[in-house]
Amino acid sequence: MTSTTSIGNLLVANRGEIARRVFRTCRELGVATTAVHSDPDAGAPHVREADAAVRLPGAAPADTYLRADLIVRAALAAGADAVHPGYGFLSESADFAQAVLDAGLVWVGPPPAAIAAMGSKTAAKRLMAEAGVPVLGALTEPTEADLPLLVKAAAGGGGRGMRVVRSLADLPGELAAARAEAAKAFGSDEVFCERYLPAGRHVEVQLLADAHGTVWAVGDRDCSLQRRHQKVIEEAPAPGLPAEVRAELHAAARDAAKAIGYTGAGTAEFLLAEDGRFFFLEMNTRLQVEHPVTEAVTGLDLVALQLAVAEGAQLPPEPPAPRGHAIEARLYAEDPAKDWQPATGTLHRLELALPYQEFTGAGLRLDSGVEAGSEITPHYDAMLAKVIAWAPTRAAAARRLADALARARIHGPATNRELLVRALRHPAFLAADLHTGFLAEHTAELTAPDSKGVERAALAAALADAAGRRGALPSGWRNLPSQPQFKRYRAEDGAESAVRYRHTRSGLLAEDHPEVELVEAAPDRVVLSEDGLRRTYRVARYGDRVHVDTPAGGTALTALPRFPDPTVRTDPGALLAPMPGTVVRVVAAVGDPVTAGQPLLVLEAMKMEHRVAAPADGTLVELRATPGRQVETGTLLAVVQPTEA
């Protein structure tokens, strides 16, 4: 591909994983790199990996990564000649793209006019309908026959400003909540309604177009496994599509790109109904989070192609055909069993059996914006990493990815790792029985506690602690009289385990597990044998937090005092902040009668809104939350006086 210009220094107007991803390609191409960073990100990996970095003073995205003027100024000050927007933040802002061009810089993205054309979902649907692309029409006056409905923000995505409505009586409240969230996230409170297809699949087509008229449909992806309308597991190619449906999807995506004079990388997203019909949802005018699965099956470097197109190069007539299958899992700092509550804190370890961001003979790849020692804060998205597996077949890719995640050592805040492993091994997933309600439908089984696994992890943690206090001990379980020791642990689901053991001349003796034989005990490693089956437990402790890893998965425990503190008690009607965040709305007042589960206020953390609900029927007697207030985990927000039985 012959270029008409040359990019020598690229500023990435983003952070974390996508900034590192773009920098990797730049290093391979010999392009100098410039990072930007907020104050909390001053020591972040993407900052260290860039050749130069420019500070954006402040912490909140609105003061830093969303400031187009600061970013353009940073590019000029650093001597950059091009800007790559990454995804999120300003990546789909036509005004930002124009500001970059007006500053005399190369914009690594589609023309501002194309971004603007797709900027409003309602306007985009009208444009696509005119181009002959099937669309799911907006409903101006929904009726009972239209239920269930999906309320969506017109100006943005990522699940923000999106609500499922199953009763017309709930529609006014959900419209108001969606408008408020959309206005805060995208600067526009425009929302619309469309039919919600709970059994529909989310299928998208990767596009790449140059300025010479070539438009590639670089394969397709299935992104149906979602939580809160945000993708969790993606794969390429989309499984089970009839050849004619796949060809029609690709043709519709190309038509969409041609209709707006598109250039660069982009994604046309569709909703695929059970009967095989598909409808245009939106076009993401940027690189997608899930682009690695397309790279894995095509062998392309989409970032390198973005840069080439921005330099004026012409694409070959056709993209390479896909080979094999790839699946990506998004590792989030969140607890799926607690309504996907985000988690913060220090990430002590993120260790997979592969080098960072490299393919190996095993067909595995890790893209991450964090590393051991990174602080997970409430300021940004909860995604820690993307783990991608490639194999010749879909079943082999799913098996490889599930195994890599299960064996990973991830120490720090709670994550969705166990849910990902179980989803990848679920019979319905393996049968490609996919739809956007998959995770909601199977949440209970995907998050069910493993009580025996936790019990054995607690036993290993206690014995490792005992070995650390006495030094490594030889094996042996002898019933010799001595004073028993006692350890208590609490698992992530709140369940507590108690372990009693004795020190003997020959080793350690577990009081309550005669069926388990101790083979070896060291401070960081315990080997147990049960019914002739030997298992190794790797143990790491960080303060009162203990992480126990096996090849089958990991368990996080909190070491508890031997006896509960009688002075610590929580009022049963007290509502404490479940996470650090900002109060964005209060929807009840002191003196209001409330019912169990009724939302009282809304917290925003990690780019998501989280409803805080009444714990029981009663009266709201105290309210300490006000919009705009920053709160930490455990802050008292409100008190409900339960109704007497």
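This text goes with the structure placed above it.
These numbers come from a predicted model, not from an experiment.

## Here's the deal with the pairing of strand S24 (residues 496-504)
Remember that side chains alternate between the two faces of the sheet whenever the strand is regular.
So, step 1. Sheet analysis places strand S23 (residues 485-491) next to S24, joined by six bridges and oriented antiparallel. Bridging across to S24, Tyr-489 finds its partner in Ser-497.
So, step 2. The loop that links S23 with its antiparallel partner S24 comprises four residues; one of these, Gly-494, has a positive phi angle of about 95°.

## Concerning the packing of aromatic side chains
So, step 1. Counted according to the given criterion, the structure contains five aromatic pairs.
So, step 2. Ring centres of Tyr-65 and Tyr-380 lie 5.8 Å apart, and the angle between their planes is 75°; on these two criteria the pair is classed as edge-to-face. Highlighted residues: Tyr-65 in the loop between strand S3 (52-55) and helix H3 (68-78) and Tyr-380 in the loop between strand S20 (375-376) and strand S21 (383-391), separated in sequence by 315 residues.
So, step 3. Where Phe-96 meets Trp-107, the ring centres are 5.6 Å apart and the plane angle is 90°; that geometry is what we call edge-to-face. With Phe-96 in helix H4 (residues 94-102) and Trp-107 in strand S5 (residues 106-107), this pair connects stretches of sequence that are 11 residues apart.
So, step 4. Through successive ring pairs, a cluster of aromatic residues spans Tyr-65, Phe-89 and Tyr-380.
So, step 5. A cation over an aromatic ring shows up here: Arg-227 above the ring of Tyr-332, its NZ or CZ 4.2 Å from the ring centre.
So, step 6. Here the basic side chain of Arg-394 rests over the ring of Phe-429, its NZ or CZ set 4.4 Å away from the ring centre.

## Considerations on the environment of Leu-29
So, step 1. For Leu-29, the position within the fold is in helix H1 (residues 16-29).
So, step 2. Here the alpha-carbon distance between Leu-29 and Val-165, two residues 136 residues apart in the chain, equals 49 Å.
So, step 3. Sequence-distant contacts of Leu-29, that is, excluding residues within four places in its chain, are made with Ala-304 and Leu-307.

## Overview of helix H5 (residues 112-119)
So, step 1. Among the residues of H5, Pro-112, Ala-114, Ile-115 and Met-118 are the ones counted as buried. Looking down the long axis of H5, one finds its buried residues gathered within 165° of arc, a one-sided arrangement.
So, step 2. Buried residues belonging to H5 abut H4, S5, helix H6 (121-130) and strand S13 (278-284).

## Focus: helix H7 (residues 171-186)
A turn of α-helix holds 3.6 residues, and therefore any two residues three or four places apart point the same way.
So, step 1. Between its terminal C-alpha atoms H7 stretches 21 Å, which fits the 22 Å expected from 16 residues at 1.5 Å a residue.
So, step 2. Along H7, the residues that are buried comprise Leu-171, Glu-174, Leu-175, Ala-177, Ala-178, Glu-181 and Ala-182. Buried residues of H7 fall within an arc of 165° about the axis and therefore sit on the same side.
So, step 3. Tucked inside the fold, the buried residues of H7 contact strand S6 (149-153), strand S7 (163-165), strand S8 (191-195), strand S32 (581-586) and strand S35 (608-613).
So, step 4. Positive phi appears at Gly-187, one or two residues downstream of H7, with a value of about 80°.

## A few points about the packing of H4 against H5
So, step 1. Axis separation between H4 and H5 bottoms out at 8 Å; the angle between their running directions is 170°. By the angle between their directions, the pair H4 and H5 is classed as roughly antiparallel. Residue-level inspection shows Ala-94, Ala-97, Gln-98 and Leu-101 of H4 in contact with H5, the latter providing Pro-112, Ile-115 and Ala-116.
So, step 2. Grouping the amino acids of the contact of H4 with H5 by side-chain chemistry returns six nonpolar, one polar and no charged.

Conventions used here
- Residues numbered from 1 in each chain as written.
- Predicted model: local features only at pLDDT ≥ 70, side-chain atom pairs only at ≥ 80, totals over all residues.
- Heavy atoms only, no water.
- Pairing = 2+ DSSP bridges.
- Helix = DSSP H or I, 4+ residues; strand = E, 2+ residues; numbered from the N terminus.
- Phe/Tyr/Trp six-rings, centres within 6.5 Å; stacked < 30°, edge-to-face > 60°.
- Lys NZ or Arg CZ within 6 Å of the ring centre and 35° of its normal.
- Contact = heavy atoms within 4.5 Å.
- Buried < 20%, exposed > 50% of the residue type's maximum accessible area, 1.4 Å probe, protein only.
- Arc of directions from axis to C-beta.
- Expected span 1.5 Å × (residues − 1).
- Axes fitted to C-alpha atoms, helices over the stretch in contact; angles between N-to-C directions.
- Parallel < 35°, antiparallel > 145°, perpendicular 65-115°, else oblique.
- Nonpolar A, V, L, I, M, F, W, Y, C, P; charged D, E, K, R; others polar.

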